[in-house]
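In case you want the letters, here they are:
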Amino acid sequence: MSKSFKQFYKKSIKDRILALKDENLYDESLDLSTDPEVFNHIIENYVTTYELGLGVAPDFLIEGKYFNIPMVTEEPSVVAGATHAAKIIERNGGFKIESIKRSMIGQIIFRDVSDFEKLASIIKTEEQHLHQLAKEAHPDIYKFGGGLKSFKLEQKEFEFACLNLVVDTKDAMGANTVNTILERLTVHFRENHQLNVLMAILSNLATESLVSASVTIDPRTLKGDINTAKAIADASLYASIDPYRATTHNKGIMNGVTALMLATGNDTRAVEAGAHAFAAITGKYQPLAKWTLENSKLIGRITIPLNIGIIGGSMNILPKVKLSRKILNIQTAEELMKVTACLGLAQNFAALYALTTDGINRGHMRLHARNIALEAGASKEQIEEVVQYLIESNSISLEKALEFLKK
Ligand code: MEV
């Protein structure tokens with residue numbers, strides 16, 4: 001654990017920035033706002049930038065190495081939950097990565113396939129040629145050792161067929177790489193075989209980009225000991241039988257995952273869509289992270305598809321994305337996948353721990369009261385006083401805050 005991050009949450013903003021500087025994790029140019037022209041090139045009809053806070057959840061011990069995790073979120077207590085969970089998990093030996101694989105999937109969808117065997121035979125005979133076309137379409141990815149790895153044709157209902165391609169996009173999320181290869185093959189199928197290709201696009205159900213992580217927690221490190229451990233395991237069991245609860249359980253996981261995706265400039269919608277589809281892949285929507293009691297230890301496991309990257313698109317341009325990379329100190333997309341899965345698991349643990357002990361409101365109350373105080377127009381000096389008043393009066397409302405400020 002690094003000294004600079006000790007009691008990070010108690011430091012002033014200025015001291016937190018100093019802590020980043022101490023760790024050589026801060027670039028002063030990042031205090032300046034980004035040139036609007038940069039955003040004007042990234043999206044259309046740009047008018048302004050939209051601010052959200054970036055916090056750091058320090059000291060995630062993953063496979064013996066410490067990571068500090070940048071998180072961008074609008075929700076109070078997400079970063080606090082992650083930090084609290086990371087501390088307990090560190091005391092229990094940290095996170096383990098169980099398995100990881102990383103490739104993207106692309107789909108070429110054929111329609112009016114009245115003779116599936118004929119299509120299958122074209123694909124089979126042309127195997128080498130299709131690989132060659134993929135290489136010509138995107139020579140750069142082959143230079144880095146990536147490219148089209150394999151493909152498989154599937155017959156579908158209503159005379160559809162789908163060619164599912166597996167592409168190694170190295171450290172990029174790879175949507176452009178995959179789509180470029182798909183579109184080159186599509187032209188070939190249309191022009192040289194007169195096949196009816198409906199469309200070609202990457203799939204966000206990233207079952208070839210899966211990471212599994214786990215933690216083992218000694219119940220003695222939890223308040224409430226074995227009873228809390230049992231309650232957390234029961235909360236997980238319940239999520240597996242009720243999709244209404246499983247959705248909220250998974251939403252808690254995505255609180256962490258999406259916050260890190262935003263901080264690192266990844267496509268949050270791609271990851272969200274993939275995660276929820278994967279949760280339902282058996283036909284029954286399931287929790288992405290599960291907790292069980294085994295030999296009196298609480299074991300947490302998460303498996304999540306993560307179609308994410310560390311290079312490409314606006315990632316190479318946006319200074320705060322670069323800052324996040326620096327804070328994370330990761331070199332590969334696989335490393336980012338591992339950290340993301342662990343953060344998701346930690347976030348889930350934090351939520352279940354709170355829900356099965358104090359309830360969610362206690363932790364939220366202070367942060368909620370702060371937001372209300374700000375909304376009521378409290379000055380920097382008044383905030384703590386207003387928060388204290390709202391908590392003591394047991395009624396955190398705008399009306400109460402305004403009433404106090406007026407007094
Ligand atoms: C709130 O953003 C997330 C939780 O609802 C997650 C959960 O219920 O597991 C607390």
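Refer to the preceding data block for the structure.
Residues numbered from 1 in each chain as written. Predicted model: local features only at pLDDT ≥ 70, side-chain atom pairs only at ≥ 80, totals over all residues. Heavy atoms only, no water.

Surveying the vicinity of the ligand reveals the residues Glu75, Arg245, Thr248, His249, Lys251, Gly252, Asn255, Ala351, Leu355 and Ile360. Note that an oxygen atom of the ligand is positioned 2.6 Å from one of the side-chain N or O atoms of glutamate 75. One of the side-chain N or O atoms of lysine 251 is found 2.7 Å from an oxygen atom in the ligand. When the ligand sits alone it has 300 Å² of accessible area, and the protein chains cover 85% of it. Mapped onto the shell around the ligand, the elements with two or more residues apiece are helix H9 (243–263) and helix H12 (333–356). Of the residues forming the shell around the ligand, the biggest block, six residues, is contributed by H9. Of the residues belonging to the shell around the ligand, the class tally is three nonpolar, four polar and three charged. (Near = heavy atom within 4 Å. Polar contact = N/O pair within 3.5 Å; in protein donor to acceptor, adjacent residues only side chain to side chain. Areas by Shrake-Rupley, 256 points an atom, 1.4 Å probe, with all protein chains shown as cover. Helix = DSSP H or I, 4+ residues; strand = E, 2+ residues; numbered from the N terminus. Nonpolar A, V, L, I, M, F, W, Y, C, P; charged D, E, K, R; others polar.)

Of the strand pairs in this sheet, strand S5 (residues 147–155) and strand S6 (residues 161–168) are connected by eight bridges, and their pairing is antiparallel. Following the sheet pairing, lysine 152 is matched in S6 by asparagine 164. The hairpin formed by S5 and S6 contains five residues between the paired strands, and phenylalanine 158 there has a positive phi angle of roughly 55°. (Pairing = 2+ DSSP bridges.)

In this section: the packing of aromatic side chains. Taken as a whole and judged by the stated rule, the model has seven aromatic pairs. When the centroid spacing of 5.8 Å and the interplanar angle of 15° are considered together, the rings of phenylalanine 39 and tyrosine 46 count as stacked. Tyrosine 46 matches phenylalanine 39 in its accessibility class, with the two residues each being buried. Ring centres of phenylalanine 60 and phenylalanine 95 lie 5.7 Å apart, and the angle between their planes is 10°; this geometry places the pair in the stacked category. On the criterion of sequence distance, the pair formed by phenylalanine 60 in strand S1 (residues 53–62) and phenylalanine 95 in the loop between helix H3 (78–91) and strand S3 (96–100) is long-range, its members being 35 residues apart. Taken as a pair, phenylalanine 60 and phenylalanine 95 share a single burial class, namely buried. Members of the aromatic cluster, joined through ring pairs, are Trp291, Phe349 and Tyr353. (Phe/Tyr/Trp six-rings, centres within 6.5 Å; stacked < 30°, edge-to-face > 60°. Buried < 20%, exposed > 50% of the residue type's maximum accessible area, 1.4 Å probe, protein only.)

With that out of the way, let us pick up the nonpolar core. Counting residues in each nonpolar core, the largest one holds 61 residues, and the members touching the most others are Phe60, Ile69, Phe95, Trp291, Leu298, Ile304 and Phe349. No other element matches the 13 residues that H12 contributes to this core. The next biggest cluster of nonpolar side chains, apart from the first, holds 27 residues, and it includes Ile108, Val167, Met173 and Ala270. (Core = buried A, V, L, I, M, F, W, Y, C linked by side-chain atoms within 4.5 Å.)

With that settled, the discussion passes to the sheet that holds strand S7 (residues 197–203). With antiparallel pairing, four strands are arranged side by side in an open sheet as S5-S6-S4-S7. Each end of this open sheet is capped by a strand with a single partner; those strands are S5 and S7. Neighbour-to-neighbour, the strand axes of this sheet turn through a mean angle of 20°, independent of strand direction. In this structure, strand S4 (residues 104–110) lies alongside S7, joined through six bridges in antiparallel fashion. (Axes fitted to C-alpha atoms, helices over the stretch in contact; angles between N-to-C directions.)

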